[in-house]
Amino acid sequence: MNASVTDSNKLKQLLSGSKTVVMGILNATPDSFSDGGRYIDPIAAVARALEMIAQGADIIDVGGESTRPGAPAVSLEEELERVIPVIRALRQAGIDTPISIDTYKAETARQAMAAGASLLNDIWGLQKEPDMARVAVEYGCPIVLMHNRTEAVYANFIQDVIEDLRETVRRAHQAGIRDEQIILDPGIGFAKTYENNLQLMNHLDRIVSLGYPVLLGTSRKSMIRRALDLPTDDVVEGTAATVALGIAQGCRIVRVHDVKAMRRVADMTDAITRHR
């Protein structure tokens, strides 16, 4: 059994369990808004991954392109040079934790899977490169389909987000992606105003009601920084509030920078919600 199949089975077990799945962020970028430049070197990346796993991370999410507002686009060649050595290094170090590749480029996804990744995380939900679906079908791996638009223009915000995600699922089905592969992400911070983000946080249960596992990525985002009027490196409590609220509404995966703290937040929230 190859690594991707083994990891996919691990992911299925994680998602079928009662504990929230914690995805630790590993940015192999020079310009990410929070930790840019710290983990480009594969040795540093392995050390950080091992630290996050020890703190309770269930998945390591590797990305090579910053998605912060105004960040320059990264070529395919440059993205590959950033992420593939990191993924290989993680596997060569004996790390058997599932690895996610955070990309919307199909070729990056394909090479990342060949290098040892087992989960696709597409911030454009198959909109930028439809060939992403072929990679998911080829490997039979889980794929995160995030809500995103080119502009934050909505007629009825919550309903529009839900319909966009339904259309994304239809697109995935048409490409041959199975229901059991699909994970949805409401896309907090993407093509949404501050007010949109806060509103969506109050309606995550409606995304959950679509019937797929939901990944919530709020860690250190501008919504929190603005609400608290604090810098990026001082919003752990704000992130904790969003994580707890998301889990209470049924989100199954949380994507975070501060793994140790958020693992504890998730475990405590799980303990409460299991006894409703």
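Conventions adopted
- Residues numbered from 1 in each chain as written.
- Predicted model: local features only at pLDDT ≥ 70, side-chain atom pairs only at ≥ 80, totals over all residues.
- Heavy atoms only, no water.
- Helix = DSSP H or I, 4+ residues; strand = E, 2+ residues; numbered from the N terminus.
- Polar contact = N/O pair within 3.5 Å; in protein donor to acceptor, adjacent residues only side chain to side chain.
- Contact = heavy atoms within 4.5 Å.
- Core = buried A, V, L, I, M, F, W, Y, C linked by side-chain atoms within 4.5 Å.
- Buried < 20%, exposed > 50% of the residue type's maximum accessible area, 1.4 Å probe, protein only.
- 1 Å grid on protein atoms, 1.4 Å probe; cavity = no way out; pocket = protein on both sides within 12 Å on 5 of 7 lines; lining within 4 Å.
- Points joined across faces, edges and corners; volume = space filled by probe spheres on them.
- Nonpolar A, V, L, I, M, F, W, Y, C, P; charged D, E, K, R; others polar.

A. Expanded view of the side chain of Asp61. Relative to the assigned elements, Asp61 resides in strand S2 (residues 59–63). Polar side-chain contacts of Asp61 include one of 2.6 Å to the side chain of Ser100. Here the side chain of Asp61 touches Asn121 through a polar contact of 3.4 Å, side chain to side chain. For Asp61, the contacting residues outside a window of four places in its chain are Met23, Gly24, Ile25, Leu26, Ser100, Ile101, Asp102, Asn121 and Arg255.

B. Structural view of the nonpolar core. Counting residues in each nonpolar core, the largest one holds 69 residues, and the members touching the most others are Leu26, Val62, Leu90 and Leu120. When neighbours within four sequence positions are excluded, Leu90 is seen to be in contact with Leu26, Ala45, Val46, Ala49, Ile60, Val62, Ile95 and Ile99. Leu11, Ile59, Ile183 and Ile253 belong to the second-largest nonpolar core, a separate cluster that totals nine residues.

C. Up close: empty space enclosed by the protein. This model, assessed by the stated rule, comprises three cavities of 30 Å³ or more. If you trace the largest cavity, you find it lined by Glu65, Thr67, Glu79, Asp102, Thr103, Tyr104 and Ile123. Considered class by class, the residues forming the lining of the largest cavity number two nonpolar, two polar and three charged.

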